[in-house]
Structure formats: structure tokens, C-alpha cells
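Summary of the model geometry
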Amino acid sequence: MSRGVPSAGPPRPPLLRVSGIVKSFPDLVALDDVSLDVHAGEIVAVVGHNGSGKSTLVKILSGAYTADAGTVELEPGTGLHIIHQDLALIGELSAAENLMLVTAGGAGSFAPVHTRDERDRARELAERFGEAFDIDAPVRDLTPAQRAIVAISRALDGWTGTSNVLVLDESTESLHRTEVDVLFEAVRRLAADGAGVVFVSHRLDEVLGLADRVVVLRDGRKVADEPAAGIDHGRLVELITGSAAAAQRERMSATVADAEPVLEVRGLRGGTVEHLDLALRPGEIVGVAGVLGSGREAVPALLYGAVPSTADRFEVAGRAYARPAPAESLRRGVAFVPGDRARLGAVRELVARENVTLPQLRTLTGWLGGISRRRERAEVAGLMRDHDVRPQRPEQGFGLFSGGNQQKIVMARSLRDGPGILLLDEPTQGVDIGAKVAIYDRIEDAAAEGAAVLVSSSDAKELLRLCHRVVVMRHGRAAATLAGSDLTEPRLVAEGYGLDAPDSPNRSGKPSGPAAPSHELEEQP
Amino acid sequence: MSTTRDDVLRALSFRNISAIYIFVVMFVIFSLWIPQKFLQVGVWRSLLDAEALTGLAALAALIPLIAGSLNLAIGAQVGFAAIVSAWLLGKAGLPILVQLPAVVLSGALIGLVTGLVITRLRVEPIIATLGISSILLAGMAWVSGSQQILGLGDEYKLIATTQFGGVTIPVYVLLAVALLSWYVLERTPVGRRAYAAGYNPEAARLAGVHVERLRIWTLVAGGAIAALAGALLTSRINAGDPTVGPSFLLPALTAVFLGSTQFRGGRFNVWGTIVAMYVLAVGIKGLQLAGSPRWVNDLFYGVALVLAVALSQWEVTSRRASAIGRLVDRVLPRKR
């Protein structure tokens, strides 16, 4: 095991030393002899597929699981703080009140609350991260990055000793690029102050930008523990997947023949969308890009009828579609994959089989209107095989699958009836790289078979990889449509923010509008 | 690990069939305590007959609950139907062939109104049904003048007391309603969608389920079944009694929640409900035969309801069934 201590001087013992952890479950070995050192001032990234053992490792660190073998040692006087993906904040309370939840404990529970002191303290904590926001606003009104900062501040508030280790578990999952930068700045400050940071993430580019050292887990084993400087994106993908990264498919350059649009909308309004004209043709993959709040995230839900909308004209397959609603959309061959998989993607309490067949059960009914269990099982088993869902257990509860496999199940469901129109919202958010590739393949297959596909995504690389053309949204309207040689990452970002050229960095905490980190542009190759 | 062994283990685990274990324990205790009273065929037969109505009330609560509506008006619905059926028969003088469908229809109508209050007026089911319950209680008092309605004739009484093969008609009615409910809930698209709507209405809606329509229909079905129970209740006691109906609420809900912990790993289900209902009834009967005062009923159901819900929240964190595991190992050796 390498002992990459970033700072010079006599080697100091690590703040956190994880050695030889083994953890097995009835059906699998989740962690097999995994070791990890974290030194003061160091940011260590832990990456890997869903199911590689990342979350098990975090659960062992947090004490939720007990390891079968191996030890977790902390340097005496070191505090270990874990921030989980859901942040454990109370949305209705303000930042100051959330911070107070931890400190107001024990004997003083009924002591009067000193609001002013508390707020001063909250402001002080928040300011350490160079991020100004309203500490009196309910936390749910803050941006995701600001919420993450509140959660980190709360952990910090409990810091007593001089040395600390902070574990961030998939904390950037829900963040937009610009917000990730805000959070990273906060994390760097902590490391600079001497904390050790363990950063668990799916998002590879982020990891390389932030970490000093990268630890890669695959199938429960540690396959790499190297300085981040020596690893590039391709190599990281290789380490994670265990094979050379599949060469990126040549993007279909041929424009789709001028077929009749299968979906056409004029003057679509609803949610954050103020006005949108759009036409989707069979075989075409159209992207929707834009910053959070631009209307990008609302487009698929509006077209599907998940959210109320109005339009001057809306036609699906040549027929007017006055009031879109999910059941009617399905009947017209429109399928939708929501972005919020945990809440909207499927019914966690039902098993995979029941979720896959829920939208269309009539094809399975027989005598007395009953569902033929045999036919249903056979069909779902086949779909799970085709979509490479693991484990391939139709009778497993949906909530028990990993994120990537949940999304494969949702995709399998949406593609089951060969929809004419496929609407996708963040189809690979929070999904590991292996599942991502599988989902891209499915999307491309669907298009090749004649479906018109719409992909709304905050991931520029995803849109570049998949789409024939991309509509960039800004302030609820289409700001540009990029295709062919115009379809590049810099153009996507520039159109999204309404920038022609990089200008001075201007990061206010306000989520609204295009006051934007132009350094994103500078980072582009 | 062999799947058969796993399946048998899971099937026999306390978590899966706790009601059966509870039944065995109670049976042993009462058999040793009061053998001469408890171990009588007549006792068991009357238990089967009397509790069939509780079973119907439990199914009436179960169906809407699967689709997400906790119905606190079940007792009042049974009671109201009991009074209405006595009034239609005794005061309005309708023939049974008209009176019975009318009662069931009125129950369905109450379900419809409840459903509309929940979906159209957007009142939480608990609050909506609490309100409906109070309104129905008022209606019962008004129609009956808070008196028993008597003089229903001899024919009507036969419905609930005629025996076939040693058990009365209500037991067969319960069996028929349970079979039908089971088939619809577990084997048809409607049932599948009802479960989805109950667990996650928003995700179900996006999967094309008409959540509100389903909720209304489950309440209509529940209302009709509750009314059937009410009509049979009046037949059984041969009078319209305004005080009996409301006492069905607690046993019915307790059976539904305890039933959800049986057989289907936490899902509300028909057979779990029926088994749980009878197991609870055996407990009550045993306590009554042992000479306990009437208030023990309320105590028993209150404790059972809380325990049943606590049990349904109980997560298996480790292999707790190891004792049974060893036993099963002897019967079904592991394939290695």
C-alpha cells in the first residue's frame, strides 16, 4: 500500500487507518481485505461501481456495519465525521436551527435558545466556506450546494479535537457542476486547515479535480491507491470497470432524414418553461441542456403530462393532444423516465417484476382478467437479462437494487412496449459508469428502432455522446439549438450561461439565473 | 444455499407467520387453564359464526387501505348499515330482496362520498373518515331515535342463522368475499395498481395508474362490504341496534395491521387479515371464558393493535430464525 503523504517533513501517522477490512453478506463478499490511510490535509477519493463496496465501507466507518475482520483506527484525539448523501437536514428549519440541533442537547435541552448567539455562530460557520447565504431561510430553499455546506458546518460545529477526518458520501450526487465547485472549495479549505477528507463519489471528473489520492474499489477489492495527478479519465474508467474503456461510439453524424415529426409542440408552458417549440422525429435523439432553473429539467415531465402544462399546439403522432396526462401518454406510446428515481422512478416496496409490468398489464391478463404469473415472470426475466440487471432476481424488492440497477429496471420498463417517444430526465444521474454505458446503448438502440428520444441532462458529456442535436434552455426558453460541428462542450456551456467569452469569476450563492462561474469555460480542454 | 431450504425457513419464520405462533401459544394456555370451557365444539363454532362479521368489516377496511386510505369510519359504516337495514325492513316495510341490495348500495354510496371528500376536497383520509364516522353516528341516532329497532319478522333472522354443514351463512359470505377480494387484489391489474397507488401515489401516477379513481373505487367496494356486514349484523341479533356497529372498528383495524405482517412480508393482504382476525378472536374468547370483565376486550385490542403495527415495522437485521434453521436443516439438508 502506498503511503502518499502530500506534505514533506517527517512522516506522521495517518489520522485514519483502515486495515484489512473484510465484510461479507450471505450472498456476496462486499469488502475483501481493504485498507486505506488518510493523513492530515489530504483529500482521498474512493471511487467504484455501484456494488463495488463503497457504501459498505462508509457504513463500516460510520458504525452501521461491523466488519468481519480488520480494524478501523483513529489517531488519538481525532474526530470522525460522516456526511451522508441525504445530508440529514430538516428542510423546514433554517440553517441556524439545523446547526443548533446538534449543540442543543443533553442537560441544556430545555434551556432557552439564544437566537442571536446562535445566528452569529451559524453565520460564522457558513462564512468559513466563503459562501454567503441567508441563514434564516428554510434549508429546503437553499441550493443543494448550500445545503451540503450547512451539513458540513454542522459536522464542524461538533469538532472538538484538533484533528478531524470528514467522510463525504456521494455528497455531490444531486449537485450541478457550478455547485460542485462551491462544495469543493469548502472541502479544500478544510483540508488546508489540516483535516483529512474521504470523498466517495461516482463522478470521475470531479474526483480527479479534487483529490490528492484516488482509491479505486472493484468487486470489494482495492485495485488502485495512487496519487490523483498520475491518473487521467481514461485510466480511471479502466480501473473501475476492469477493462479498457469501450471506445466511445462514433456519434451518428448523419442527420435524421426529414421524416414527419412524431411529436410537435408550439408554445409549451409550465413550471420553469416559459415558451418552447419542439419537434421530435423518429430515430432522433434530441438533448435538452441548460443550468438548473433554466427549464431544462421540466421539459420531459411537461411533455409526458407529469406536471400540468399548456401549449398553443401539441401533436403526438399527428393527432392533437390537448391535456397530457401520464396514463394517456402511455396509451399514445410516450414513455417517461423521471430524474428523481428514488421518489418517482418506481415503487420501492414492490418487487422488480411488479414495477416492470405496472404501466401495461393488459397484455398479461388471461382467464377472468387475472394476470398470468407464468407469462409475467418469463417476460420480466427476459427483460432483466436483456438490460443486464444484477442480481437478475425479478422477485427482489425494487429498493434493494443498487442505483444503477434500479435505473436499468426503470429503463427496461419504459422500453418494454417499444415506445414511439421516449422522454428521459437525467437518465444516468447517480449511476455508475458500467450501468451508464449500458443505458446509453439501450437509448441508442431505441432510437435505431425508430423511437424519438428526448434527453434532458446536466451532464454535457452525456449529451455530446448521445444526441444528434441539443436544445439549450435559458430563462425558460430555447436559447440555441446546437448540432453538427457546433455541438461541443464549450458551446453548450457558453449557451447555457449566455456567455460569449469568459469574464471575471462571479460566484454569488444565488441559484437564480446565469450569474455564473465562467471558470467552467476555462477548464475546458 | 439451497432455495428450497431458504423458502421453507422464510415461510416458517416467526416474522412471516407470527399469528400462527401466537395462536398456538394461546391455545395451549387456555387449554390448560380452562379445558372444560375452552375445548368445546360449540365454542369454536360460535366463534366462527360471530366473528365472520368482524372479518367482513376487516376486509372493508383492508381494501381502501391497500390503495392508501386508512378508514376510521368502518365501525360507523357497519353500524349505520345495520340501522338502515332494520329501518327499511321494520319501518319502511320493504321486502328483503329489495332491502338487502338497497343497504349494500347505500354503503357503496357512503364509500363514494368518502372517496370524493378525500380526492376532490383533498382531505387526508384519516381526517375525512373521522368526520364521516361522526356524521354516520349522528345519522344512526337520528334514524333509530337511539332505540333498538325491533319487529323485523322471522324471515330476516334466518339469513344469519341458517346453517349449512354446521356453520352459518355469514361464514360462507365471508369466504366468498375474501376469495373475490383476494383474486382481485393479488391476481388482477386493478389489484396491482391499488398496491402501487398505496405505496407511492406519485410514482404510480407516472406509471399510468389513475390513483384518485382507484382510491374512490376501493372506498366504494369497502363501503359495500361494510354495509353487507351491517345487514348481517341486524339479521344476527334480529334488531337494529345503534350501539353495536362502532365496536367493529378496533378489531377490524387490528386484524388488518396484524394481517399485514403475515405471509406477504409486510404487505396488507386478505388471508393474513382473516387469520389475524380469528387469532385475535380466539384470544378474546379465551379471556371471556376465563371470566375476565368486558373491559378486557378493549385492553386486548388496544395492546394488540399497537403491537401489530410495531411488529410490521420490525426489520430483520440478522438471521433470527436460527433455531428454526437448525430444525429445518435436519429435514432439508443443505446442498453444498
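Quick caveat: nothing in here was measured; it's all calculated off a predicted structure.

About the criteria used
Residues numbered from 1 in each chain as written. Chains lettered and ligands numbered in written order. Predicted model: local features only at pLDDT ≥ 70, side-chain atom pairs only at ≥ 80, totals over all residues. Heavy atoms only, no water. Helix = DSSP H or I, 4+ residues; strand = E, 2+ residues; numbered from the N terminus. Buried < 20%, exposed > 50% of the residue type's maximum accessible area, 1.4 Å probe, protein only. Contact = heavy atoms within 4.5 Å. Areas by Shrake-Rupley, 256 points an atom, 1.4 Å probe, with all protein chains shown as cover. Buried area = accessible area lost by both parts, 1.4 Å probe. Salt bridge = Lys/Arg side-chain N within 4 Å of Asp/Glu carboxyl O. Pairing = 2+ DSSP bridges. pLDDT = per-residue confidence, 0-100. Axes fitted to C-alpha atoms, helices over the stretch in contact; angles between N-to-C directions. Core = buried A, V, L, I, M, F, W, Y, C linked by side-chain atoms within 4.5 Å. Expected span 1.5 Å × (residues − 1). Bend = angle between axes of the 7 residues up to and from the residue. Polar contact = N/O pair within 3.5 Å; in protein donor to acceptor, adjacent residues only side chain to side chain.

Helices and strands together make up the secondary structure of chain B, namely 16 helices and two strands. Split into buried and exposed, the 336 residues of chain B put 50% on the buried side. Sequence-distant contacts in chain B: of pairs separated by 6 or more residues, those separated by 24 or more amount to 77%. Of the roughly 15,500 Å² of accessible surface on chain B, a fraction of 68% belongs to carbon and sulfur atoms.

The next thing to look at is the interface of chain B and chain A. At the junction of the two partners, chain B supplies 20 residues and chain A supplies 32 residues. Buried surface at the junction of chain B and chain A, summed over both partners, amounts to about 2,200 Å²; 57% is from carbon and sulfur atoms. Our enumeration of links across chain B and chain A arrives at three salt bridges. Between A:Glu354 and B:Arg267 there is a salt bridge whose closest N-O contact spans 2.5 Å. When residues of the side of chain B that touches chain A are traced back to their parent elements, those giving at least two are helix 9 (169–187), helix 10 (189–199) and helix 11 (201–206) of chain B. When residues of the side of chain B that touches chain A are assigned to their parent elements, the largest contribution, six residues, is made by helix 10 of chain B.

Right, let's talk about the pairing of strand 19 (residues 477–483) of chain A for a bit. All names here are of chain A. Sheet analysis places strand 18 (residues 469–474) next to strand 19, joined by six bridges and oriented antiparallel. Within the sheet, the bridge partner assigned to valine 472 lies in strand 19 and is alanine 480. Taking the residues that link successive antiparallel strands as the turn, the strand 18-strand 19 hairpin has two residues, and the phi of histidine 475 there is positive, at about 50°.

Of the residues in chain B, 92% reach a pLDDT of 70 or more, and the chain-wide mean stands at 89. Predicted confidence is poor over residues 315–327 of chain B, with pLDDT under 50, and the contacts of this stretch with residues over four places away or in other chains come to 16 contacts.

The subject of this paragraph is the sheet that holds strand 7 (residues 196–201) of chain A. Residues and elements named next belong to chain A. Spatially, the six strands line up as an open sheet ordered 5-6-7-3-8-9, and their pairing is mixed. If you trace the sheet from one side to the other, it starts and ends with strand 5 (78–83) and strand 9 (221–227), each paired once. Shown here is a sheet whose adjacent strand axes are inclined to one another by a mean of 15°, direction ignored. Looking at chain direction, strand 6 (residues 163–169) and strand 7 are connected through five bridges and run parallel. Residue pairing across strands places leucine 166 opposite valine 197, the latter belonging to strand 7. Sitting on the sheet, helix 1 (residues 54–62) is in contact with strand 3 (43–47), strand 5, strand 6, strand 7 and strand 8 (213–218), with an inclination near 135° to strand 5. Contacting strand 3, strand 8 and strand 9, helix 7 (residues 233–241) crosses the sheet at an angle of about 35° to strand 8.

Here A:Val237 lies in helix 7. On a C-alpha basis, the gap between A:Val237 and A:Val216 in space is 9.9 Å, while along the polypeptide they are 21 residues apart.

Going through the model one piece at a time under the given rule, you end up with 39 salt bridges over all chains. Two residues, A:Arg188 and A:Glu185, come together in a salt bridge whose shortest N-O distance is 3.9 Å. Remark: A:Glu185 and A:Arg188 occur in helix 5 (residues 177–192); sequence separation between them is three residues, near one turn of the helix. Of the charged contacts in the structure, one is a salt bridge between A:Arg474 and A:Glu495, with a shortest N-O distance of 3.9 Å. Of this pair, A:Arg474 sits in strand 18 while A:Glu495 sits in helix 16 (residues 489–497); the two residues are 21 residues apart in sequence, bridging distant segments of the chain. A relative accessible area of 18% means that A:Glu495 is categorised as buried. Shared partners join several salt bridges into a network, and the residues in it are A:Arg353, A:Glu354, A:Glu376, A:Arg377, A:Glu395, B:Arg192 and B:Arg267.

Right, let's talk about unusual backbone geometry for a bit. Following A:Arg390, the chain continues into A:Pro391 via a peptide bond in cis, with omega recorded as -10°. Note that A:Pro391 resides in the loop between helix 12 (373–386) and helix 13 (403–415). With phi around 55°, B:Asn238 is a residue other than glycine that occupies positive phi space.

What follows deals with the nonpolar core. All names here are of chain B. Judged by nonpolar contacts, the single largest core of 59 residues is most densely connected at Leu56, Leu59, Leu62 and Leu174. When residues of this core are assigned to their parent elements, the largest contribution, twelve residues, is made by helix 4 (residues 41–66). Residue contacts for leucine 56: discarding those within four places in its chain leaves Val173, Leu174, Val177, Ile225, Ala229 and Leu232.

This paragraph deals with helix 2 (residues 14–33) of chain B. Residue and element names in this part refer to chain B. Helix length check: helix 2 (20 residues) gives 25 Å between terminal C-alpha atoms against 28 Å at 1.5 Å per residue, more than 12% under. Along helix 2, the sharpest kink reaches roughly 40°, centred on isoleucine 20. Residues of helix 2 that are buried include every one of Asn16, Ile17, Ser18, Ala19, Met26, Phe30 and Ser31, and no others.

Residue and element names in this part refer to chain A. Sheet architecture is open: six strands sit in the order 15-16-17-12-18-19, paired in mixed fashion. Each end of this open sheet is capped by a strand with a single partner; those strands are strand 15 (334–337) and strand 19. Adjacent strand axes in the sheet meet at a mean angle of 20° when their direction is disregarded. Strands in contact with helix 13 are strand 15 and strand 16 (421–425); relative to strand 15, the strand with the most contacts, it is inclined by about 170°.

Moving on, we get to helix 6 (residues 96–119) of chain B. Since there are 3.6 residues in each turn of an α-helix, residues three or four apart along the chain are aligned in direction. The first and last C-alpha atoms of helix 6 of chain B sit 34 Å apart over 24 residues, in line with the 34 Å expected at 1.5 Å per residue. Packed against the buried residues of helix 6 of chain B are helix 5 (74–91), helix 7 (125–144), helix 8 (154–161) and helix 12 (211–237) of chain B.

Let us look at the side chain of A:Gln396. All names here are of chain A. Topologically, glutamine 396 is positioned in the loop between helix 12 and helix 13. Its relative accessible area of 12% is what places glutamine 396 among the buried residues. In terms of polar contacts, glutamine 396 uses its side chain to reach the backbone carbonyl oxygen of leucine 400, at 3.3 Å. Discounting chain neighbours no more than four positions away, the residues touching glutamine 396 are Val351, Ala352, Pro391 and Phe401.

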